[in-house]
Amino acid sequence: MMINPKRDLEQLNGPVLLFGGPYSNLAATEAMQTEAQRLQIPPERIICTGDIIAYCAEPVETLELIRRWGIHVVQGNCEQSLGAGAPDCGCGFDADSSCSLLSIEWYRYASQRISPEQQRWMAQLPGQLDFQLGSLQFSVVHGSPDSINEFIFPGTAQALKQARLSATAADAVVGGHCGIPFGERLERGYWLNAGVIGMPANDGTQDGWYLLLEPDSNGVTANWHRLPYQAQTSRQRMQQADLCDAYAQALTSGRWPSIDILPETDRLEPPTPLKLQTLRLTY
């Protein structure tokens, strides 16, 4: 899928908070906003990697919270599809996969609720956000710099990650889309994924994830953090809306309804709680 033009945020000073996939999960998004306020990080240093609207029951409420908050947002495939009035979410699932079949219901539900003005807002979001933090240059995308819906997982070949990074002028790429937080030092540069807040990371826990980039005189430290929230509330709202019970259950079980999109190396059975990760980035 094509990617909208990029936007340059230039130099950012102070910690930068990144998260992805609110997924119409209002309770998780409220928890993320509360956490950002606790950390005293202003909206100009907060970036969402896209997919504000997806599986859960409150697409309009979640979208409007993000807009009022005034943070930066990279266009995800869900914003691109909803903004264009496309017939499906454009997530990049194989046509006969469980994920593709399960996405039909929530996409129809969201499409019927958003307004033309909200569609226009989503359609104009940038496809890439660039910024400098300390001495390092970052590019934030949804899938990859090559495709808005490309899945880049922890188990994706390092050579592919290197090729996608090398297509940018960045020292590090921060992606979303895949739903799993991770960081990797490549031969030249770094590939990071902030994780998502609206669904668990298929690790058997209810938590979402976010990424904090903290600069100092010698580089940048990337720290991943769990985001606890009232997952049972979001599950109940999905059930009240008669939305897919498989995704509603995933909110509290911490297990995705299907893992057929995951590389074999990322299919942890049984799901194992992810460990907090720190990665030191130097120029």
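The sections below set out a description of the structure shown in this document. (Residues numbered from 1 in each chain as written. Predicted model: local features only at pLDDT ≥ 70, side-chain atom pairs only at ≥ 80, totals over all residues. Heavy atoms only, no water.)

## Digging into unusual backbone geometry
What you tend to see is this: most non-glycine residues have negative phi, and most peptide bonds are trans. At Ser24, a position not held by glycine, the phi torsion is positive, near 65°. The phi dihedral of Asp242 is positive, around 60°, even though this residue is not glycine. Topologically, Asp242 is positioned in the loop between α7 (231–240) and α8 (245–253). In this structure Asp242 comes out as exposed when scored by relative accessible area, which is 63%. (Helix = DSSP H or I, 4+ residues; strand = E, 2+ residues; numbered from the N terminus. Buried < 20%, exposed > 50% of the residue type's maximum accessible area, 1.4 Å probe, protein only.)

## Details of α8
Considered for burial, the residues of α8 that qualify are Tyr247, Ala248, Ala250, Leu251 and Thr252. Trailing α8 by a residue or two, Gly254 shows a phi angle of about 75°, which is positive.

## Quick word on the environment of Ala194
Tracing the backbone shows Ala194 in the loop between β9 (190–193) and β10 (208–216). Residues Ala194 and Asn77, 117 residues apart in the sequence, show an inter-C-alpha distance of 17 Å. Sequence-distant contacts of Ala194, that is, excluding residues within four places in its chain, are made with Leu18, Phe19, Val174, Gly175, Pro181, Trp209, Tyr210, Leu211 and Trp224. (Contact = heavy atoms within 4.5 Å.)

## A look at the sheet that holds β10
Ordered by their spatial adjacency, 6 strands build an open sheet running β4-β3-β2-β10-β11-β12, and the pairing between neighbours is mixed. At either margin of the open sheet sits one strand with a lone partner, and together these are β4 (72–73) and β12 (278–281). Taken together, the 3 bridges between strand β2 (residues 16–19) and strand β3 (residues 46–48) define a ladder with parallel strand orientation. Looking at β3, one finds that Phe19 is bridged to Cys48. (Pairing = 2+ DSSP bridges.)

## A look at helix α2 (residues 59–69)
For α2, the full list of buried residues reads Pro59, Thr62, Leu63, Leu65, Ile66 and Trp69. Each buried residue of α2 sits inside an arc of 160° when the element is viewed along its axis, so together they form one side. In the stretch just after α2, Gly70 is the one whose phi turns positive, near 80°. (Arc of directions from axis to C-beta.)

## Quick look at the environment of Leu274
Among the secondary structure elements, Leu274 is positioned in the loop between α8 and β12. A relative accessible area of 24% means that Leu274 is categorised as partly exposed. Sequence separation of Leu274 and Glu30 is 244 residues, and the distance between their C-alpha atoms is 23 Å. The contact partners of Leu274, leaving out residues within four places of it in the chain, are Ile180, Pro181, Ala201, Asp203, Trp209 and Arg226.

## A word on the sheet that holds β9
The strand order across the open sheet formed by 6 strands is β1-β5-β6-β7-β9-β8, and the pairing between neighbours is mixed. Only two strands of the sheet have a single neighbouring strand rather than two, namely β1 (6–12) and β8 (182–185). Strand-to-strand twist across the sheet, computed as the mean angle between neighbouring axes with direction ignored, equals 15°. (Axes fitted to C-alpha atoms, helices over the stretch in contact; angles between N-to-C directions.)

## Some remarks on the packing of aromatic side chains
Taken as a whole and judged by the stated rule, the model has 7 aromatic pairs. Ring centres of Phe19 and Trp69 lie 5.9 Å apart, and the angle between their planes is 20°; on these two criteria the pair is classed as stacked. Highlighted residues: Phe19 in strand β2 and Trp69 in helix α2, separated in sequence by 50 residues. Here the two residues Phe19 and Trp69 agree in accessibility, since each one is buried. Ring centres of Phe131 and Phe138 lie 5.1 Å apart, and the angle between their planes is 10°; on these two criteria the pair is classed as stacked. Residue classification places Phe138 among the buried positions, given a relative accessible area of 0%. Grouping aromatic residues by their ring pairs yields a cluster made of Tyr23, Tyr55, Trp106, Tyr107 and Tyr247. The ring of Tyr109 carries Arg113 above its face, with NZ or CZ at 3.6 Å from the centroid. (Phe/Tyr/Trp six-rings, centres within 6.5 Å; stacked < 30°, edge-to-face > 60°. Lys NZ or Arg CZ within 6 Å of the ring centre and 35° of its normal.)

## Description of the nonpolar core
By size, the foremost hydrophobic cluster in this structure holds 50 residues, and its most contacted members are Leu17, Phe19 and Trp69. Examining the composition of this core, we find that 6 residues originate from one element, helix α1 (residues 26–39), more than from any other. If we skip the residues at most four places from it in the chain, Trp69 touches Phe19, Thr29, Met32, Gln33, Ala36, Pro43 and Ile46. With 26 residues, the next largest nonpolar core counts Leu129, Phe131, Leu211 and Leu281 among its residues. (Core = buried A, V, L, I, M, F, W, Y, C linked by side-chain atoms within 4.5 Å.)

## A few points about the pairing of strand β11 (residues 219–227)
The element β11 is extensively covered by neighbouring structure, given that 7 of its 9 residues are classed as buried. The sheet contact formed by β10 and β11 spans 9 bridges and is antiparallel. Paired with Leu211 across the strands is Trp224, a residue of β11. Hairpin remark: β10 followed by β11, antiparallel, with 2 residues in the connecting loop. Note: β11 against β12, 4 bridges, orientation antiparallel. Bridging from a neighbouring strand, Val220 pairs with Leu281 of β12.

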